[in-house]
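# Working through the structure, step by step
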Amino acid sequence: MRIQNIYTKNAEYQRYETLKRNREKRSKQALAFLEGVQPVEQAIRHGYEFYSMCVADGKRLSGWAEDMIGKARPDVLHKMDESLLKELSDRENPCEIIALVKMRFDGLEKMAEKAEKEDAPFFALFDRPASPGNLGTFLRSADAFGATGAIVTGHAADFYDTQTIRASVGACFAIPFANLDGAEDAEKWLRNLPSKPLIVGTSAKGEKDISEIDLTGPVALVIGNETFGLSKAWKEKCDVLVKIPIFGAASSLNAGCAATVCFYEINRQRRKMNEND
């Protein structure tokens, strides 16, 4: 592990600042900006590699920070002027560590491996999510309720956007994920799995309430875009379209909230089945 000092807004400082805000640069360098206790812990726990970690120069580190650096073993440890570190952070009280984590591109492979070991794999899909916050909530809920993996289709918010990472509270590092071009590619991948899942789409005009569908077997649950819902292509490829019964003034739920309700129902049915066995 190399140690470098940063006292000015040099090239390394600019790398952190650029990767924090620029998706194209993140993709090109395959690096993502990371801060926060839970995201750092989750990335380390789930085997992500770190290009660099950055701490305030001259400031004594906590036992937690020393432990994280020791476990992550970044290629480079930057000791940055504290005022510059605060400028990089979005937080009122910046985390001790800011990092650049190496992106992973093995999501589909990891999902397939997990699915082979599960009796009833459950895939969470999001069609063209526009909001990084909604995508982060989606990933957090998918992980919380036991999804095998998460897939987004079409032009979508970035998995490695700082808002996605924050909204997921680091769960984005705990669950395998992938971005596919569209419904056709996703359906092809799902249908080629050994345990072909029931593809369930969500729509305000769904044929049945979600609780009326048996979700205890292999299943792929598809949430539509926040504004436009499921694409026509997805609607044609789903085995069934379901709705969430709601009774207030709003005609629909926020996409992240709708996903959470659906994931809970899948988990509820499975727990109930296991209790009855």
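Let me begin by describing the structure that accompanies this report. Every value quoted in this text rests on a predicted model; they were computed, and no experiment measured them.

The next subject is the packing of aromatic side chains. On inspection of all chains with the given rule, the structure shows 8 aromatic pairs. Ring centres of Tyr48 and Phe173 lie 4.9 Å apart, and the angle between their planes is 80°; this geometry places the pair in the edge-to-face category. Here Tyr48, found in the loop between helix H3 (37–45) and strand E3 (50–56), pairs with Phe173, found in the loop between helix H8 (162–168) and strand E8 (177–180); they are 125 residues apart in sequence, far enough to count as distant. Each member of the pair, Tyr48 together with Phe173, is buried. The interplanar angle of 45° and the centroid separation of 4.9 Å between the aromatic rings of Phe126 and Phe138 together place this pair among those described as tilted. Linking Phe126 in strand E6 (residues 122–127) with Phe138 in helix H7 (residues 132–144), this pair joins segments that are 12 residues apart in sequence. The exposure class of Phe126 is buried, given its relative accessible area of 0%. Among the aromatic side chains, those forming a connected cluster through ring pairs are Phe122, Phe126, Phe138 and Phe263.

Here we come to the environment of Gly206. Tracing the chain through its elements places Gly206 in the loop between strand E9 (198–202) and strand E10 (208–209). On the basis of relative accessible area, Gly206 is assigned to the buried category, the value being 8%. Counting along the chain gives 35 residues from Gly206 to Ala171, while the straight-line C-alpha distance between them is 29 Å. If we skip the residues at most four places from it in the chain, Gly206 touches Leu241, Val242 and Lys243.

On to the layout of surface pockets, then. The calculated volume of the largest pocket comes to roughly 560 Å³. The wall of the largest pocket is formed by 24 residues, among which Thr202, Ser203, Ala204, Ser252 and Leu253 lie closest to the centre. Those elements giving two or more residues to the lining of the largest pocket turn out to be strand E12 (240–243) and helix H11 (255–276). Here the lining of the largest pocket is composed, by residue class, of 11 nonpolar, 9 polar and 4 charged. Here the second largest pocket is characterised by a volume of approximately 300 Å³. As for the second largest pocket, its lining consists of 14 residues, of which Phe105, Phe159, Tyr160, Phe177 and Asn179 are closest to the centre. When residues of the lining of the second largest pocket are traced back to their parent elements, those giving at least two are helix H2 (23–29), helix H6 (107–117) and E8. With 3 residues, E8 is the largest single contributor of residues to the lining of the second largest pocket. Its residues assigned to classes, the lining of the second largest pocket shows 8 nonpolar, 3 polar and 3 charged.

Another aspect to go through is the sheet that holds E9. In spatial order, the strands read E8-E7-E6-E11-E9-E12-E10; together these 7 strands make up an open sheet with parallel pairing. Two strands close off the open sheet at either side, each with one partner strand: E8 and E10. The sheet contact formed by E6 and strand E11 (residues 219–223) spans 5 bridges and is parallel. Note on E11: the bridge partner recorded for Ala124 is Leu221.

In contact at an axis separation of 8 Å, H7 and H11 are set at 10° when each is read in the N-to-C sense. Compared by their axis directions, H7 and H11 come out roughly parallel. Across the interface between the two elements, Asn134, Thr137, Phe138, Ser141 and Ala142 of H7 pack against Ala255, Gly256, Ala259, Thr260 and Phe263 of H11. Split by residue class, the contact of H7 with H11 holds 5 nonpolar, 5 polar and no charged.

The rules behind the values
Within every chain, residues take consecutive numbers counted from 1 along the sequence as written. It should be noted that, the model being predicted, local features are given only for residues of pLDDT at least 70 and side-chain atom pairs only at 80 or more, the latter also being counted only at that level, while totals for whole chains, interfaces and linings use all residues. Where side-chain values are given, they derive from all heavy atoms of the structure, hydrogens and water being excluded. A pair of aromatic rings is counted whenever rings of Phe, Tyr or Trp (Trp by its six-membered ring) have centres within 6.5 Å, and the orientation is called stacked for planes under 30 degrees apart, edge-to-face for over 60 and tilted otherwise. By definition, any uninterrupted DSSP run of H or I lasting at least four residues is a helix, any uninterrupted run of E lasting at least two residues is a strand, and each is numbered from the N terminus. Burial classes: relative accessible area under 20% of the type maximum marks a residue as buried, over 50% as exposed, and values in between as partly exposed (1.4 Å probe, protein chains only). Any pair of residues with heavy atoms lying within 4.5 Å of one another is described as a contacting pair. The definitions used throughout rest on a 1 Å grid laid over the protein atoms alone, on which a cavity is an enclosed set of points accommodating a 1.4 Å probe that cannot get out and a pocket is an open set flanked by protein within 12 Å on both sides along at least five of seven lines; lining residues are those having an atom within 4 Å of a point. Grid points are joined across faces, edges and corners, and a volume is the space filled by probe spheres set on the points. Residues are grouped as follows: nonpolar covers Ala, Val, Leu, Ile, Met, Phe, Trp, Tyr, Cys and Pro; charged covers Asp, Glu, Lys and Arg; every other residue, Gly included, is treated as polar. Here, any two strands with at least 2 DSSP bridges between them count as paired. To define axes, lines are fitted to C-alpha atoms, for helices over the stretch in contact only, and angles between the resulting N-to-C directions are given on a 0 to 180 degree scale. Roughly parallel covers angles under 35 degrees, roughly antiparallel covers those over 145, roughly perpendicular covers 65 to 115, and oblique covers all other angles.

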